[in-house]
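Fold and geometry: a report
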Amino acid sequence: MDEMVLAALAKWPNVPAVFGWLRLDARGQWWIKDARLQHEGMVEFFNRNYSRDGQGRCYVQNGPQKVYVQLDAAPLAARRTPKGWSTVPYDDDVPARAAWLTPDGMLLLEIGGELAAVDDRDLAAVLEEALPDWDGDAASLPAMLQVGEAGLPLATETLPALQARYGIVARPR
């Protein structure tokens, strides 16, 4: 967390939290109300000061105030890199441990103990690489997702069930 954020927290410890105006989409892009945040400095600030509380609610610590985040899918978005996976907002290069395909075609990974939605711009290439012979029928989905040299256990599951499994509150109040 930024030093200035920690200083503000110490100075004003009881500022009420904000709900309902900050959103993280499945591509890892920040939205304020209905406008995508495009100011690089603010995006980087949000990424650095993003966390999850003990109740499963994601938030950005904006000075002394927690701004709770509505999630379109998961706390993280994953992009394919030559080394493996890069996650947004954190941008860590951490190996994935498991994968799920939802009935509506979203691919989610467990990365660093957290749930990450694979960016839809990478999805077709990832599926082509990992499941080249798959016909698209959920009944014939293989048990492993082979991405590069890493094989990940693969199953089907709904997004709400995965959010519940990982203790994620997608719409904090």
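So, here is what we can say about the structure in this document. (Residues numbered from 1 in each chain as written. Predicted model: local features only at pLDDT ≥ 70, side-chain atom pairs only at ≥ 80, totals over all residues. Heavy atoms only, no water.)

Time to look at the environment of Pro16. Residue placement: Pro16 occurs in the loop between α1 (3–11) and β1 (18–24). Given a relative accessible area of 58%, Pro16 falls into the exposed group. Separated by 51 residues in the primary sequence, Pro16 and Val67 place their C-alpha atoms 9.3 Å from one another. (Helix = DSSP H or I, 4+ residues; strand = E, 2+ residues; numbered from the N terminus. Buried < 20%, exposed > 50% of the residue type's maximum accessible area, 1.4 Å probe, protein only.)

The omega torsion of the bond from Val88 to Pro89 falls at 10°, within 30 degrees of zero and hence cis. Mapped onto the secondary structure, Pro89 falls in the loop between β8 (85–88) and β9 (96–101). Despite not being glycine, Lys33 shows a phi value in the positive range, around 55°. Position of Lys33 among the secondary structure elements: in the loop between β2 (30–32) and β3 (35–36).

Along the chain, Leu131 turns up in the loop between α3 (120–130) and β12 (144–147). On the basis of relative accessibility, which here comes to 7%, the residue Leu131 falls in the buried class. The spacing of Leu131 and Leu162 is 31 residues in sequence and 22 Å in space, taken between C-alpha atoms. If near-sequence neighbours (up to four positions away) are discounted, Leu131 is found in contact with Val126, Leu141, Pro142, Met144, Leu145 and Leu154. (Contact = heavy atoms within 4.5 Å.)

In this section: the sheet that holds strand β13 (residues 150–156). Ordered in space as β8-β7-β11-β10-β9-β13-β12, the seven strands form an open sheet in which the pairing is mixed. Each end of this open sheet is capped by a strand with a single partner; those strands are β8 and β12. Averaged over all neighbouring strand pairs, the angle between strand axes comes to 35°, with direction disregarded. Where β9 lies against strand β10 (residues 107–111), five bridges are found, and the strand directions are antiparallel. Bridge assignment links Trp100 to a residue of β10, and that residue is Leu108. (Pairing = 2+ DSSP bridges. Axes fitted to C-alpha atoms, helices over the stretch in contact; angles between N-to-C directions.)

Opposite charge on two side chains permits them to pair, given that their charged atoms come into close proximity. Enumeration over the complete set of coordinates arrives at 12 salt bridges. Between Arg52 and Glu114 there is a salt bridge whose closest N-O contact spans 2.9 Å. Separated by 62 residues along the polypeptide, Arg52 in strand β4 (residues 50–52) and Glu114 in strand β11 (residues 114–118) bring together distant segments of the chain. Since its relative accessible area comes to 25%, Arg52 is described here as partly exposed. Here Asp53 ties to Arg57 by a salt bridge, and the two come within 2.9 Å at their closest N and O atoms. The same class applies to Asp53 and to Arg57, which are both buried. Taken together, the salt bridges that share partners define one network made up of Arg27, Arg79, Asp119, Asp120, Arg121 and Asp122. (Salt bridge = Lys/Arg side-chain N within 4 Å of Asp/Glu carboxyl O.)

Here we have six strands laid out as an open sheet, ordered β3-β2-β1-β6-β5-β4, and mixed in their pairing. Both edges of this open sheet fall to β3 and β4, since each of them pairs with a single strand only. Pairing of β2 with β3, which is carried by two bridges, proceeds in the antiparallel orientation. By the bridge assignment, Ile32 is partnered in β3 with Ala35. Helix-sheet contacts for helix α2 (residues 40–48) involve β1, β2, β4 and β5 (58–62), and the interaxial angle to β2 is about 110°.

We now examine the environment of Tyr50. Along the polypeptide, Tyr50 turns up in strand β4. With a relative accessible area of 5%, Tyr50 lands in the buried category. Once you skip the residues sitting within four places of it in the chain, Tyr50 turns out to touch Leu24, Trp30, Cys58, Tyr59, Val60, Val69, Leu71, Pro75, Pro89 and Tyr90. Polar side-chain contacts of Tyr50 include one of 2.8 Å to the backbone oxygen of Pro75. (Polar contact = N/O pair within 3.5 Å; in protein donor to acceptor, adjacent residues only side chain to side chain.)

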